[in-house]
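Notes for the structure review
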Amino acid sequence: FLAQILVLVIASFVLIELLFAVLVVGDAWRVREVLGGGRPVVILFTSIILLCRALMLYRGKQRINRDKKAYDACWELVKDDTSSLRQIQIITASLGIPDEKPRQAIPTKSSTRTTAVFLKHKKMTKHQAPDAEDHVVRSLDQLYCIALFLQPLLLTKVKQWALASNGHFRLFETSEGLKYAKWSDARNDPALIRKIKWGGVKGVDRSIEKLCRSYQSQVSKLLDVCRECICFDTLADITRCLEAVSRDLEVEVLRCKNRFSGDYTVWETCGYRDLMLNLRIVTSESIHQGLDGHVCEVQLVLKSFMDLRTEEGHARYKMYRDLIGK
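Residues numbered from 1 in each chain as written. Predicted model: local features only at pLDDT ≥ 70, side-chain atom pairs only at ≥ 80, totals over all residues. Heavy atoms only, no water.

With that out of the way, let us pick up helix α4 (residues 82-94). Across its 13 residues, α4 extends 18 Å between first and last C-alpha, which sits within 8% of the 18 Å expected from 1.5 Å per residue. Among all positions of α4, only Ser 84, Leu 85, Ile 88, Ile 91 and Thr 92 are buried. Looking straight down α4, one finds its buried side chains confined to an arc of 125°; they lie on one side. In α4, those exposed residues whose orientation departs by more than 90 degrees from the buried face are Ala 93 and Ser 94. Taken from the residues just after α4, Gly 96 is the one with a positive phi, measuring 65°. (Helix = DSSP H or I, 4+ residues; strand = E, 2+ residues; numbered from the N terminus. Expected span 1.5 Å × (residues − 1). Buried < 20%, exposed > 50% of the residue type's maximum accessible area, 1.4 Å probe, protein only. Arc of directions from axis to C-beta.)

The following block contains the structure:
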């Protein structure tokens, strides 16, 4: 912001000097001197672009401000549960999560049957092939191939965690007006299970957008292709789910983004809050299929926040996200 102000000030001086030379002095040579090398013109146009961007960001924030206020009001109703918030911080601290952000990796010791299936149908270029030193995934096709194989395993896990913590899953629109199904009630009801809106694999278009905007086309940094979401009534239920995850010996938690923390920058998500986990599933089946190197995403969300997510609000958030280049 300060850089934009500085450029605007410099451009203003250049413009004033140019107008003075043209309108007051009337000296053509003076005009050429002011415009010497074309540098002031570049500064002027750059400042115009920066000013337009600043105005667009301001308008974008104004549009999503209503959504942010709604989320902030929702947060005011739940933030008094300091016991659960403190417990969440204690559990996340006990997980021993590494400081560095995880990357999508290809296991080197497991039977990579999934990788073999991929290679059978597509010949990888040198740039796409996994690096011999760090074994990170470099092909988006391969990343999606692994994610599709892993999705059923992740689904099994989130069902177990939801059962242990009064977790709910979102439903498609029903004639009864139901929005959620409590898994302890739905697991024995095939008709209700068919109405559940599972997270599924991330859309390819959005993945490519994130790769280009945020990750410099580094496929291994894309951590939410295989993802699921569990909804809860209270922060205490989220705490119970987090405890279930921490006790699960077949899961390796690599990252925890606690948006319920008091020092979280809410403008990143326009006031929306949840608890996001990045993890790997390390079971005999995932190791046998070569899936244990893939990082999944699990979102633990309060139903009160989820209820505020509308199509119109999401469209406004996407517009704001596009403006800030995320």
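Moving on, there is more to tell.
This part takes up the side chain of Ser 286. Relative to the elements of secondary structure, Ser 286 occurs in helix α11 (residues 284-288). On the basis of relative accessible area, Ser 286 is assigned to the buried category, the value being 0%. Beyond its immediate stretch of four places on either side in the chain, Ser 286 contacts Leu 153, Ile 281, Leu 291 and Asp 292. (Contact = heavy atoms within 4.5 Å.)

Right, let's talk about the pairing of strand β3 (residues 227-232) for a bit. Every regular strand shows the same layout, with side chains that alternate between the two sheet faces. Of all 6 residues in β3, 5 are buried; the element is thus mostly enclosed. Here β3 pairs with strand β6 (residues 296-302) via 6 bridges, running parallel. Residue pairing in the sheet places Ile 230 in a bridge with Leu 300 of β6. (Pairing = 2+ DSSP bridges.)

Take Lys 157: it is sitting in helix α6 (residues 140-163). You can call Lys 157 buried: its relative accessible area is 5%. Lys 157 has contacts with Asp 248, Glu 250, Val 251 and Ile 281, leaving out every residue within four places of it along the chain.

With that settled, consider the pattern of salt bridges. All chains considered together, the criterion is met by 11 salt bridges. A salt bridge links Glu 209 to Arg 213; the shortest N-O distance between them is 3.8 Å. In this pair, Glu 209 and Arg 213 both sit in helix α9 (residues 204-213), 4 residues apart, roughly one turn of the helix. Of the residues examined, Glu 209 reaches a relative accessible area of 25% and is grouped as partly exposed. A residue is classified by how much of its surface remains accessible, and Arg 213, at 33% relative accessible area, is partly exposed. Put simply, Lys 157, Asp 248 and Glu 250 are held in one network by salt bridges that share partners. (Salt bridge = Lys/Arg side-chain N within 4 Å of Asp/Glu carboxyl O.)

Among the nonpolar cores identified, the biggest contains 61 residues, and Trp 161, Ile 230, Leu 279, Leu 300 and Phe 305 are the most heavily contacted of them. In terms of residues, this core owes the most to one element, α6, which gives 12 residues. (Core = buried A, V, L, I, M, F, W, Y, C linked by side-chain atoms within 4.5 Å.)

To continue, consider α9. Helical periodicity: at 3.6 residues per turn, an α-helix aligns residues three or four positions apart in one direction. For α9, the set of buried residues is Arg 206, Ser 207, Lys 210 and Leu 211. Viewed along the axis of α9, the buried residues span an arc of 140°, placing them on a single side of the element. Across from the buried face of α9, at angles greater than 90 degrees, the exposed residues are Asp 205 and Cys 212.

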